[in-house]
Amino acid sequence: MPTPTAVIDDVIFIADLDPISATDHMWDAVDNGQEFCVCHDIPTGPAPTVPRDGSFFQTQTGGTTGTPKRIRRSHASWIKSFDQNVSMFGLSPDDTYAILGRLGHSLSLYAAIEATHIGAEIHFLSHCTVTDISDVGVTVIYATPSQLRRFRNGTAPKVRHIFCGGGTLDAATRDTISARFPNADIREFYGASETSFITMSDADTPDGSVGRPYPDVNLDIRATADGIGEIWVQSPYLFTDYADGARALDWVSVGEIGRLTDGYLFISGRRDRMVTIADQNVFPEQIEQAIRDQRGVNDICVIATPDPSRGHVLRAYVVGDVDVDMLRDQLRDRFGSLIAPKTINVVTDLPKTASGKHDLQRIAEWPHDP
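Throughout what follows, the structure given in this document is the object of discussion. Just so we're clear, the structure is a prediction, and the values are computed from it rather than from any experiment. (Residues numbered from 1 in each chain as written. Predicted model: local features only at pLDDT ≥ 70, side-chain atom pairs only at ≥ 80, totals over all residues. Heavy atoms only, no water.)

Points about the packing of aromatic side chains
Under the convention used in this document: Aromatic pairs are defined between Phe, Tyr and Trp rings, using the six-membered ring for Trp, whenever the two ring centres lie within 6.5 Å; interplanar angles under 30 degrees are classed as stacked, those over 60 as edge-to-face, and all others as tilted. What counts as a helix is a DSSP run of H or I of at least four residues, what counts as a strand is a run of E of at least two, and both are numbered from the N terminus. Relative accessibility decides the category of a residue: with a 1.4 Å probe and only protein chains considered, values under 20% of the type maximum give buried, values over 50% give exposed, and everything between is partly exposed. Counted as over-ring charges are cases with an Arg CZ or a Lys NZ within 6 Å of the ring centre that also lie within 35 degrees of the ring normal.
Under the counting rule described, the total for this entry stands at 16 aromatic pairs. Between the aromatic rings of Phe89 and Phe163, the centroid separation amounts to 5.0 Å while the plane-to-plane angle is 65°, which identifies the pairing as edge-to-face. Here Phe89 is found in helix 2 (residues 75-89), whereas its partner Phe163 is found in strand 9 (residues 161-164), with 74 residues between them in sequence. Of the residues examined, Phe89 reaches a relative accessible area of 8% and is grouped as buried. Aromatic pair Tyr214 and Tyr237: ring centres 5.3 Å apart, planes at 75°, arrangement edge-to-face. With Tyr214 in the loop between strand 12 (212-213) and strand 13 (218-223) and Tyr237 in the loop between strand 14 (229-234) and strand 15 (241-242), this residue pair connects regions lying 23 residues apart in the sequence. One exposure class covers both Tyr214 and Tyr237, and it is buried. Note that Arg259 overlies the ring of Phe266, its terminal NZ or CZ placed 4.2 Å from the centroid.

Overview of the pairing of strand 2 (residues 11-15)
Definition in use: Two strands pair if DSSP finds at least two bridges between them.
Of all five residues that make up strand 2, five are buried, and the element is covered over most of its length. With four bridges joining them, strand 1 (residues 5-8) and strand 2 adopt antiparallel strand pairing. Residue pairing for strand 2: Val7 is matched across the bridge by Ile12. Connecting the antiparallel pair strand 1 and strand 2 is a turn made up of two residues, with Asp9 showing a positive phi of about 55°.

Thoughts on the sheet that holds strand 13
Pairing between the strands of a sheet is mediated by backbone hydrogen bonds and can be parallel or antiparallel. The cut-off we apply is this: In this analysis an axis means a line fitted to C-alpha atoms, helices contributing only their contacting stretch, and an angle means the value between N-to-C directions, from 0 to 180 degrees.
Read from one edge of the open sheet, four strands run 13-14-16-17, paired in antiparallel fashion. The strands lining the two open edges of the sheet, one partner per strand, are strand 13 and strand 17 (264-270). Strand-to-strand twist across the sheet, computed as the mean angle between neighbouring axes with direction ignored, equals 50°. With four bridges joining them, strand 14 and strand 16 (residues 252-261) adopt antiparallel strand pairing. Each residue of the ladder has a partner; that of Gly229, found in strand 16, is Gly258.

Observations regarding unusual backbone geometry
Non-glycine residue Asp9 carries a positive phi angle of around 55°. As for its placement among the helices and strands, Asp9 is situated in the loop between strand 1 and strand 2. One non-glycine residue, Asp262, lies in positive phi territory at about 55°. Relative to the helices and strands, Asp262 resides in the loop between strand 16 and strand 17.

Concerning the packing of helix 2 against helix 3 (residues 106-118)
This is how the line gets drawn: Working rule for angles: under 35 degrees goes down as roughly parallel, over 145 as roughly antiparallel, 65 to 115 as roughly perpendicular, anything else as oblique. Put simply, a crossing is left-handed when the front helix is turned counterclockwise from the back one by less than a right angle, and right-handed when it is turned clockwise. Contacts: residue pairs with any heavy atoms within 4.5 Å of one another. Residues are grouped as follows: Ala, Val, Leu, Ile, Met, Phe, Trp, Tyr, Cys and Pro are nonpolar; Asp, Glu, Lys and Arg are charged; every other residue, Gly included, is polar.
It is at 10 Å that the axes of helix 2 and helix 3 come closest, and there the two elements cross at 65°. For the element pair helix 2 / helix 3, the angle class is roughly perpendicular. With respect to the hand of their crossing, helix 2 and helix 3 are arranged in right-handed fashion. Contacts between helix 2 and helix 3 pair Trp78, Ile79, Ser81, Phe82, Asp83, Asn85 and Val86 from the former with Ser106, Leu109, Tyr110, Ile113, Glu114, His117 and Ile118 from the latter. Here the contact of helix 2 with helix 3 is composed, by residue class, of eight nonpolar, four polar and two charged.

With respect to the side chain of Glu35
Operational definition: Under this definition, polar contacts are N or O atom pairs within 3.5 Å; protein pairs additionally need one hydrogen-donor-capable and one acceptor-capable atom, and for neighbouring residues in sequence, both atoms have to be side-chain atoms.
With respect to the element layout, Glu35 can be found in strand 3 (residues 35-39). Given a relative accessible area of 1%, Glu35 falls into the buried group. Polar contacts involving the side chain of Glu35 include one to the side chain of Arg72, which spans 2.8 Å.

Here we look at the environment of Ala76
Residue position: Ala76 is located in helix 2. Each C-alpha atom of the pair Ala76 and Ala248 lies 16 Å from the other, and the pair is 172 residues apart in sequence.

Details of helix 6 (residues 171-180)
Put simply, the rule reads: Summarising the geometry, the arc corresponds to the directions from the helix axis toward the C-beta atoms.
Among the residues of helix 6, Thr173, Ile177 and Arg180 are the ones counted as buried. Projection of helix 6 onto a plane perpendicular to its axis shows the buried side chains occupying an angular sector of 60°, all on one side. Residues of helix 6 that are buried in the fold lie against helix 4 (130-135), helix 5 (145-148), strand 9 and strand 10 (185-192).

A few points about the pattern of salt bridges
For clarity, the threshold we go by: Counted as salt bridges are all cases of a side-chain nitrogen of Lys or Arg within 4 Å of a carboxyl oxygen of Asp or Glu.
By the definition in use, this model includes 14 salt bridges. Residues Arg72 and Glu35 are paired through a salt bridge, measuring 2.8 Å at the closest nitrogen-oxygen approach. With a gap of 37 residues between them, Arg72 in strand 5 (residues 70-74) and Glu35 in strand 3 connect regions that are remote in the sequence. Take Arg72: its relative accessible area is 4%, and that puts it in the buried class. Between Arg328 and Asp325 there is a salt bridge, with the nearest N and O atoms lying 3.2 Å from each other. Note that Arg328 and Asp325 are positioned in helix 8 (residues 324-335) at a spacing of three residues, about one turn of the helix. What makes Arg328 buried here is its relative accessible area of 18%.

Following this line, the structure appears as structure tokens:
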């Protein structure tokens with residue numbers, strides 16, 4: 001079936017159902033000096049008119065808490081980071097990239113374009129196994145933690161770089177991936193569709209940190225008295241504007257809260273997920289991380305529900321084989337009975353957005369005890 005495309009307001013929108021066909025359309029757009037957007041669903045209406053000179057393209061945000069936004073960025077903003085990665089990690093035309101997700105997800109699109117830019121080989125390997133990766137000689141993987149958790153068996157010794165973004169890489173998954181890819185340098189990075197790379201981990205990154213600022217990135221923690229505050233970013237890798245016409249500023253925030261300690265960035269959670277429980281500010285992400293570190297947990301999402309006496313209560317949804325009573329006791333010991341989740345529900349799966357992140361809106365609509 002031909003890949004659906006549509007031209008709206010001089011932008012060619014390319015459906016990402018077939019990655020090879022979508023890539024062909026994408027490079028045709030580049031050759032013709034046309035702005036493009038690889039997306040899951042082609043929009044039906046015109047976008048606001050802005051200058052189109054072919055030096056920009058569009059990607060989508062993750063859409064974790066709502067409808068994904070389309071953002072515009074310059075070709076140059078990604079090319080700068082391609083060149084940085086070549087310099088830092090020795091990426092070359094001899095490498096072979098595995099693309100694990102759909103090209104409508106900006107991480108997959110970034111990896112595909114970086115590989116093309118440096119002349120590396122690309123394999124689109126959705127739902128692949130470690131054996132599949134080994135068979136085609138993959139050396140570089142960009143992936144989310146959820147994608148990496150699929151790899152439970154086999155080894156692929158030729159993989160030399162794994163770049164993990166889009167979520168927290170827990171210790172159990174890191175240990176598993178280290179065994180599956182014994183020669184890989186595993187780097188966790190923090191960033192967003194609007195910012196590209198913000199930080200990158202290194203061998204000295206302390207537990208709980210997402211690393212030091214990526215080259216040429218400036219961070220400003222617009223902080224409260226305790227040093228924790230909203231993270232603002234300035235760099236040459238920032239996006240230009242949203243497709244609805246809202247322009248980026250010199251400094252950009254993606255709404256996350258954190259702190260800098262000895263040059264390393266620590267993330268508390270998203271500003272729009274922070275809730276008040278018994279007069280304390282609580283980030284569900286911190287509870288999620290504590291649960292994720294437990295043996296037998298494959299996936300976890302914590303949702304806050306309004307409560308007349310506490311302000312909010314938390315509900316945890318766990319995928320895996322866990323002792324619920326023991327987990328509840330551990331969380332109460334660590335966070336206190338008011339903040340620990342009121343309910344812990346073991347489920348078979350958690351719904352995801354197209355970018356592979358938890359669909360918080362759908363999960364929040366579940367019954368309290370599914």
